[in-house]
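# Structure assessment
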Amino acid sequence: MRPGLNSVILIVFLLLLDLYVFQAIRAMVYMSTPKVRNITYSIYWLISISVVLMIALLPYINWHNWPPTLKSYLMAVFMGLVLAKLLVTVFLLIDDVRRGVLWLIRKFSSAPAVAATPASGGLSRSQFINRLGLITGGAFFGTLLYGFSNKYNYRVHKIKMAFKHLPASFKGLRIVQISDIHSGSFANRDAVMKGIKMINDQKADLVLFTGDLVNDRAVEMAEWLDVFREVKAPMGVYSTLGNHDYGDYYPWPDKNANGYSALQHQNLEDLKAVHGKLGWKLMMNENVVLDRNGEQIALIGIENWSAIKRFPRYGDLKRAYEGAEHIPFKILLSHDPTHWDAQVRTEYPDIALMLAGHTHGMQFGVEIPGLKWSPAQYFYKEWAGLYKKGEQFLYVNRGFGFLGYPGRVGILPEITVIDLV
C-alpha cells in the first residue's frame, strides 16, 4: 500500500518546515565550536527525519494495531513538535517581513544605509527575534511533555449552591459529579484507584456521571469494572451517555452503505450493560424522583444532545421530562454543554441545574486567580466550571480521564463536589 496524496503533501510540508526552522537553529549556534554545532545539527535532524519517516511508513507498519497508549504518546509528541515549530515560524516570518520592509526602504530611498544595531546584549534584532522564537517553541514543547505527568493529578472542586425552590429536606445534599472517564486511555491502575478513593472520600449522598465512559468500545471497560464498581453513594450512582459511548468514531468492519453496523449496535448494548455491572443507573431519556421526608426533587438524564452538527443528537429531553413537571426542583444530566443554551434554557426554564462535561477544558490552559483561559473557549461558550443565566445554572466538569493527548496542562482532571444549601 503506497502513501496517499495527503501523506505526500504532509511530508513535503514537514520537510519545508524543518528547513525553515533550521535556519534559526543554525543562526543560534553559528558562533559555537564545531563540536557544539555538529551535535546540535545532528539532534535536530535526527528528530525531524524520524518524524517524517514515521509518517512515510504509516501505511506499512500496521499502525491501527499498535497499543493505544503508545500511539497516543507518539501522536502527542508529533503534534507537539509540529506546533512548536509553527510557533518558531511565526517569529521567523515576523523577522523576515521586517527585514524585507527595510530592504525595500533602503532600495527606494536616497537615505544612506544604516548598519543594523544590536537589540540587547550584543545581539542583532534578527538574532534576538530568532532566539525568542526558539525559546517560545521549546517552552511550549517542554510544557506538553510536562503535561504527561498530570493526567492522573486529580483535583477536587467544591462549590456550594443555593436555590429558591430546593425543598428543605434536600438542603445539605452533597452531590459528586464525574465525567469523561475515557477508560480506553488509562494505563495506570494505581493512579486511577487513587482517583476513586478521592471520589469516595467526599462522602457524597449522590454520584452523577455525565457521559463518555469509553473512547469507542465497551470492551475498554473490561479491566476497569472492579475499579469503578467501588464508586458508591447512599442515594445511588446515576449516569448518562456521551458522544464517544456510541462508537460512532470507530471503523466498524461491517458498516454498510447506509452507515449501519450490527457490531456497533451490539457494542452500545454491551456498554449499557456495563453501567448495570457497575451498579450505576443509566438514564436513557428518563427521569427519577428522589424522596426525602416526603419532599421530592427530580433527576433527569438524557442521551447525548449537541448543538454542534458533528456531534450526535440522540437525546430526547421532552420524553425525559414527562412525569416530572410537578416536581419543584430538577437537575439535568446532559453530556454536551451546548445543550444548555440551545434548548434547556429556552424551553425548560424550571430545570435549575444542568451538569455536563465533554470539553475536558481541552486539557490545556491556564486557571489561576484572575485568569481563566483555554483554547476550548473559542469553541464553547461554557467550557469549564459554573455558569449562571437568570435562575438557571450549568456546571461543566473538566473530565476525570483524558483523550488524544495523554496529559494535562493547567486544566487538571476533576472531581466536582456540589453542596446544596
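Look a little higher up for the structure.
Residues numbered from 1 in each chain as written. Predicted model: local features only at pLDDT ≥ 70, side-chain atom pairs only at ≥ 80, totals over all residues. Heavy atoms only, no water.

## Things to note about the layout of surface pockets
Sizing a probe to match a water molecule and rolling it over the atoms shows the empty space that remains. In this structure, the second largest pocket encloses a volume near 370 Å³. In this structure, the second largest pocket is lined by 16 residues; those nearest its centre are Ile25, Tyr44, Leu81, Lys85 and Leu134. Sorting the residues of the lining of the second largest pocket by element identifies α1 (5-29), α2 (34-57), α3 (68-108) and α4 (125-147) as the ones contributing at least two each. Counting residues per element, the lining of the second largest pocket draws most heavily on α2, at 5 residues. Grouping the constituent residues of the lining of the second largest pocket by class yields 11 nonpolar, 4 polar and 1 charged. (1 Å grid on protein atoms, 1.4 Å probe; cavity = no way out; pocket = protein on both sides within 12 Å on 5 of 7 lines; lining within 4 Å. Points joined across faces, edges and corners; volume = space filled by probe spheres on them. Helix = DSSP H or I, 4+ residues; strand = E, 2+ residues; numbered from the N terminus. Nonpolar A, V, L, I, M, F, W, Y, C, P; charged D, E, K, R; others polar.)

## Some details on the packing of α1 against α2
Orientation of α1 relative to α2, taken along the N-to-C sense of each, is 170 degrees, at an axis distance of 10 Å. Our classification of the angle between α1 and α2 gives roughly antiparallel. (Axes fitted to C-alpha atoms, helices over the stretch in contact; angles between N-to-C directions. Parallel < 35°, antiparallel > 145°, perpendicular 65-115°, else oblique.)

## As for the side chain of Asn287
Looking at where Asn287 falls in the secondary structure, it is placed in strand β8 (residues 286-292). In this structure the side chain of Asn287 is engaged in a polar contact, spanning 2.7 Å, whose partner is the backbone oxygen of Ala320. Side-chain polar atoms of Asn287 contact the backbone oxygen of Glu322, separated by 2.9 Å. Residues contacting Asn287, with those up to four places away along its chain left out, are Leu299, Ile300, Ala320, Tyr321, Glu322, Gly323 and Ala324. (Polar contact = N/O pair within 3.5 Å; in protein donor to acceptor, adjacent residues only side chain to side chain. Contact = heavy atoms within 4.5 Å.)

## Structural notes on empty space enclosed by the protein
Scanning the model with the defined rule gives 1 cavity of 30 Å³ or more in all. Taken as a whole, the largest cavity holds about 50 Å³ of empty space. Mapped onto the lining of the largest cavity, the elements with two or more residues apiece are α1, α2 and α3. Of the residues in the lining of the largest cavity, the class split is 5 nonpolar, 1 polar and 2 charged.

## Considering the pairing of strand β10 (residues 330-333)
Across the two faces of β10 the burial is the same, with Lys330 and Leu332 and Ile331 and Leu333 all buried. Where strand β9 (residues 295-301) lies against β10, 4 bridges are found, and the strand directions are parallel. Within β10, the position partnered with Ala298 by the bridge is Lys330. Where β10 and strand β11 (residues 353-356) come together, 3 bridges link them in parallel fashion. Across the sheet, Leu333 pairs through a bridge with Leu355, a residue of β11. The parallel pair β10 and β11, bridged by helix α9 (residues 338-347), forms a crossover whose chirality is right-handed. (Buried < 20%, exposed > 50% of the residue type's maximum accessible area, 1.4 Å probe, protein only. Pairing = 2+ DSSP bridges. Right-handed = clockwise from strand over helix to strand, strands pointing away.)

## Some words on the environment of Gly315
Of note, Gly315 is situated in the loop between β9 and α8 (317-321). Expressed as a C-alpha distance, the spacing of Gly315 and Ile418, which sit 103 residues apart in the sequence, is 25 Å. Look past the residues within four positions of Gly315 in its chain and what remains in contact with it is Asn285, Ile302, Glu303, Asn304 and Trp305.

## Remarks on the pairing of strand β15 (residues 392-396)
Buried residues dominate β15, accounting for 5 of its 5 residues. Here β15 shows two buried faces, one formed by Gln392, Leu394 and Val396 and the other by Phe393 and Tyr395. When β11 meets β15, the two strands line up parallel, connected through 4 bridges. Within β15, the residue paired with Leu353 across the bridge is Phe393. Pairing of strand β14 (residues 385-389) with β15 involves 5 bridges; the strand directions are antiparallel. Note on β15: the bridge partner recorded for Leu386 is Tyr395. Linking β14 back to β15 in an antiparallel pair, the connection comprises 2 residues, with Gly390 at a positive phi of about 65 degrees.

## Quick word on the side chain of His335
Looking at the secondary structure, you find His335 in the loop between β10 and α9. In terms of polar contacts, His335 uses its side chain to reach the side chain of His358, at 3.2 Å. When residues no more than four places from it in sequence are discounted, the contact partners of His335 are Ser179, Asp180, Thr210, Gly211, Asp212, Leu241, Gly242, Asn243, Asn304, Ala356, Gly357 and His358.

## Quick word on the pattern of salt bridges
The full count for this structure, using the stated rule, is 17 salt bridges. Close ionic contact of Arg174 with Asp419 constitutes a salt bridge, the shortest N to O distance being 2.8 Å. Within this pair, whereas Arg174 is found in strand β4 (residues 174-178), its partner Asp419 is found in strand β16 (residues 414-420), the two being separated by 245 residues in sequence. Judged by its relative accessible area of 12%, Asp419 falls in the buried class. Through salt bridges with shared partners, a single network forms among Asp341, Arg345, Lys381, Glu382 and Lys389. (Salt bridge = Lys/Arg side-chain N within 4 Å of Asp/Glu carboxyl O.)

## Examining the sheet that holds β4
Taken together, 6 strands build an open sheet; the order of strands is β3-β16-β4-β5-β6-β7 and the sheet is mixed. Pairing within the sheet leaves two strands with one partner each, and these edge strands are β3 (155-161) and β7 (281-282). Relative to β16, β3 runs parallel, the two being bridged by 7 bridges. Counted as the bridge partner of Val156 is Ile415 from β16.

## What about helix α7 (residues 262-278)?
Taking 1.5 Å of rise per residue, 17 residues should cover 24 Å, and α7 covers 25 Å from first to last C-alpha, within 8% of that figure. Looking at the packing, one finds that the buried side of α7 touches β5 (206-209), α6 (225-228), β6 (237-239) and β7. Residue Ser261 occupies the N-cap position of α7, its side-chain oxygen lying 3.3 Å from the main-chain nitrogen of Leu263. Positive backbone phi, approximately 85 degrees, marks Gly279, located one or two places after α7. (Expected span 1.5 Å × (residues − 1).)

In short, shape yes, function no, at least from these values alone.
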